[in-house]
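The primary structure of each chain is shown beneath.
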Number of protein chains: 2
Amino acid sequence: MNNCLIGQSGGPTAVINASLFGVMDEAMKSPQIDNVYGMLNGIEGFLEDSYMDMSTLSDFDRAALRTTPGAYLGSCRYKLPEALDDPVYAKLFEKFKKLDISYFFYIGGNDSMDTVSKLSRYQDVHGEKIHIVGIPKTIDNDLVLTDHTPGFGSAAKFVASAVREITRDACVYDRESVTIIEIMGRHAGWLTAASVLARQEEDDNPVLIYLPEKNFDEDAFIKDLQTSFNRRKNLVVCVSEGIHDSDGLFVCEHSNDIAVDNFGHKILTGCGKYLENLVKSRLNVKVRSVELNVTQRCTTEYLSNTDLSEAEGAGRFGVIKAIDGMSGFMSAFTRKSNRPYTMEYTTVDVNEVCNMEKTVPDEWITDNGTNVSKALIEYLMPLIQGKATPLVKDGLNYFAYRK
Amino acid sequence: MNNCLIGQSGGPTAVINASLFGVMDEAMKSPQIDNVYGMLNGIEGFLEDSYMDMSTLSDFDRAALRTTPGAYLGSCRYKLPEALDDPVYAKLFEKFKKLDISYFFYIGGNDSMDTVSKLSRYQDVHGEKIHIVGIPKTIDNDLVLTDHTPGFGSAAKFVASAVREITRDACVYDRESVTIIEIMGRHAGWLTAASVLARQEEDDNPVLIYLPEKNFDEDAFIKDLQTSFNRRKNLVVCVSEGIHDSDGLFVCEHSNDIAVDNFGHKILTGCGKYLENLVKSRLNVKVRSVELNVTQRCTTEYLSNTDLSEAEGAGRFGVIKAIDGMSGFMSAFTRKSNRPYTMEYTTVDVNEVCNMEKTVPDEWITDNGTNVSKALIEYLMPLIQGKATPLVKDGLNYFAYRK
């Protein structure tokens, strides 16, 4: 028996289940693979013998899975020990053996690739023969050796759309105002950078875009706002949640030193809320902050069909290459051209991917750290194209999930 | 000359421009009406002679207007004086006369209907002969004498969709968690109630729904959570921003007494953030809060086509009735049946609409104030049906706005 095992790990995205569908469907139709199992809640759940037979999925769940946000199999944030002689490795491979696993696919980001790398290195030493494959997933777009990551295009499309819509909402009153939109991304500003696509014309809102790749200075920020008021009355500003001062201290941590709620706990506000209060105290204008929050990674009406197809494709490509005999790799994307957009699936050594972080290049950040370049727009545009059509029932998008 | 003047007022919605389009288009094709003007920033802007000729709209803006969020003409929060002998009234009617206005349409909520009422009453006394009409608009659904209001259906569809999506995101880890979603509505809980539609099955998340129509008790809330953990591990709770204790104090005000930022200002957090901290302090579980914020009233991919068509229809119906000779009314909806959904446009006396508020009836709130009834679901379902197709350019929804 040559069975296949699939797991999902780390924070969910709107298309991680499309990758699951891609692996599952490709594995099921491959004559080299017998049964397809899914580990529940990743490696952590599997260590407690939590898994399911994917052939038990109802027809409905199969149909809805591709456009269901979250992680159908459940997720975990479990880090395997650094020491490869830790008994957990032997325990895991014993469980693999018991299920006759010949193919293992782990869908996730940096930390999940660390898991794939460690399992690969363990089996190289111990002579195990499982094909171990990483399928990339992260809205942060921060994995190296791949042009971009599944999950990013849809999140970027949502961010661009939401910022454009919020801008219309923010411009209705004839009174100076600042609207601060806080976007996910602690260390990499890709998603915040995507807010540039909200502009219908070059000098539209958002007038200022701050990424975590540059140090954030409060006084410069206030000055940037004042200058921008010469151009327009209603300002929309996009900030990454990870913006920090020149000492590396997150802006959102500035407020936590002092605000304490009536349970005696520090009030953890995001940097958007902090900057809202800052602007209120410095400028006599209307201020609002909006935190896009988890909607960035789970909204399904703004799915990029390009992203959705590539997420599924990354899964299928991983299966095909594993059956070809490969192991210890991650499915990756190489861009061939922007117009027309063409992309090739490739494999990269998972050891070179894990624990690395790809941030926005310096030359793509302009105007003293308040804007992004045309080259970045060219990079982003193909990734948000195309509309997906989630399954609808009774007027709402309908999802697959384990009860 | 018999000219027409249109204004928008109050908070924007995703379909207030559909009503503008309806009035404008119907007025332009009516032989009884010559020119169609739009007041910029409502009554307040018009008093400063801010208006535009609607025939100057580009073909593009005409095509994009119907599905553009915000308020194309700009808005205001201007309350006309109670005393009808205030000189502002004479000034306004003088400006109407100068533009040969015979028809005036004001699109807005409670406060805007107050404006329509006052102008109507003023002209009754002073023998003016303008047809003055209110076109309803509010995501809050709190206007009386109409089955529902334009703007509510789309906001309700967004809330139901977002809660369903966030639920999938919130259920990926095998660990007890509470996700609190804060929804707009200070006094009326209609929009929060719409979160019930997020459930795919009857006992799905959101497990608890709290409306401002009932007093909110913190201890009971914690007990409700504890009981709910017997049913499932990941709890999603929806709360209206306007929930308050039995003394009428907003829950969001509980925190403001104590939290002060480093500018010396009170930190204004919403009730979601407050409850996040409360749960953290009382229960040993993972907690997150999400404030849906203005995305509730400006998201365009979740527009209900029913709502969109009715918003436009309310505008057209107002023009038709005004040309018929009516004045001092608001376009309204009477529901004829739920299945199939049939609705009739009617006119109601604007004096009986303004300054009133329609809240969720007591019999539609169940389970000791933590759930809503099937009758409410029946009421909501038709309002969220149908998909709109906003104008798309370069992969994103494209909007009409004044530069």
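A brief report on the enclosed structure follows. Source: prediction; values computed, not measured.

## Details of the interface of chain A and chain B
Then, number 1: Taken residue by residue, the interface counts 70 residues in chain A and 70 residues in chain B.
Then, number 2: With both sides pooled, the region where chain A packs onto chain B buries about 6,100 Å², and carbon together with sulfur makes up 58% of that total.
Then, number 3: Looking only at chain A, the three residues that lose the most surface to chain B are Arg168, Leu396 and Tyr401 of chain A, adding up to 11% of its buried area.
Then, number 4: Summed over the shared surface of chain A and chain B, the number is six salt bridges.
Then, number 5: Taken together, chain A and chain B are joined by 31 residue pairs in polar contact (both at pLDDT 80 or more).
Then, number 6: Among the elements of the structure, helix H6 (152–170), helix H10 (271–282), strand S9 (286–291), helix H11 (295–298) and strand S15 (396–397) of chain A are those that each provide at least two residues to the side of chain A that touches chain B.
Then, number 7: Sorting elements by how many residues they give to the side of chain A that touches chain B places H6 of chain A first, with eight residues.

## Here we look at the packing of helix H8 (residues 218–228) of chain B against helix H10 (residues 271–282) of chain B
All names here are of chain B.
Then, number 1: Look at H8 against H10: their axes get within 11 Å of each other, and the N-to-C directions meet at 65°. One finds that H8 runs roughly perpendicular with respect to H10. The two elements H8 and H10 meet at a crossing, and its hand is right-handed. Where H8 approaches H10, its residues Glu218, Asp219, Phe221, Ile222 and Leu225 are matched on the opposing element by Tyr274, Leu275, Leu278, Val279 and Arg282.
Then, number 2: When its residues are assigned to classes, the contact of H8 with H10 shows seven nonpolar, no polar and three charged.

## Description of the side chain of His131 of chain A
Residue and element names in this part refer to chain A.
Then, number 1: Within the fold, His131 resides in strand S5 (residues 131–136).
Then, number 2: A polar contact of 3.4 Å, which involves the side chain of His131, links it to the backbone oxygen of Ala322.
Then, number 3: A distance of 3.0 Å separates a polar side-chain atom of His131 from the backbone oxygen of Met326.
Then, number 4: In this structure, His131 is in contact with Ser102, Tyr103, Phe104, Ala322, Gly325, Met326 and Ser327, ignoring residues within four places of it in sequence.

## A look at the pairing of strand S5 (residues 131–136) of chain B
Residue and element names in this part refer to chain B.
Then, number 1: Within S5, six of the six residues are buried, which leaves the element mostly enclosed by the surrounding structure.
Then, number 2: In this region the chain leaves strand S4 (residues 101–108), passes through helix H5 (residues 110–126) and returns to the parallel neighbour S5; the handedness of that crossover is right-handed.
Then, number 3: Both S5 and strand S10 (residues 329–337) contribute to a ladder of two bridges, which runs parallel. Following the sheet pairing, Gly134 is matched in S10 by Met330.

How each quantity is defined
Counting from 1, residues in each chain are numbered in the order their sequence is written. Chain labels run from A onward and ligand labels from 1 onward, assigned in the order the entries are written. For this predicted model, a pLDDT threshold of at least 70 governs which residues receive local features, and a threshold of 80 or more governs which side-chain atom pairs are given and counted, while totals over whole chains, interfaces and linings are taken from all residues. As a rule here, side-chain values cover all heavy atoms of the structure and leave hydrogens and water aside. Residue contacts follow a heavy-atom distance rule, with two residues in contact if any of their heavy atoms lie within 4.5 Å. In this description, buried area is defined as the sum, over both parts, of the accessible area (probe of 1.4 Å) that is lost when the two are combined. Here, a salt bridge means any side-chain nitrogen of Lys or Arg that lies within 4 Å of a carboxyl oxygen of Asp or Glu. Side-chain atoms alone can form a polar contact between residues adjacent in sequence; in general such a contact is a pair of N or O atoms within 3.5 Å, and within protein one must be able to donate a hydrogen while the other accepts it. Each helix corresponds to a stretch of at least 4 residues labelled H or I by DSSP, and each strand to a stretch of at least 2 residues labelled E; elements are numbered beginning at the N terminus. Between the N-to-C directions of two axes lies an angle of 0 to 180 degrees, each axis being a line fitted to C-alpha atoms and, for a helix, fitted only over the stretch in contact. Here the angle decides the label: under 35 degrees means roughly parallel, over 145 means roughly antiparallel, 65 to 115 means roughly perpendicular, and every other value means oblique. Crossings are classed by handedness, with left-handed meaning an anticlockwise turn of the near helix from the far one by less than a right angle and right-handed meaning a clockwise turn. Polar here means any residue other than Ala, Val, Leu, Ile, Met, Phe, Trp, Tyr, Cys and Pro, which are nonpolar, and Asp, Glu, Lys and Arg, which are charged; Gly is therefore polar. Three labels apply to residues, based on accessible area from a 1.4 Å probe with only protein chains included: buried if under 20% of the type maximum, exposed if over 50%, partly exposed otherwise in between. Note on handedness: a crossover is taken as right-handed if, strands pointing away from the viewer, the path from the first strand over the helix to the second is clockwise. Here, a strand pair is defined by DSSP locating no fewer than two bridges between the strands.

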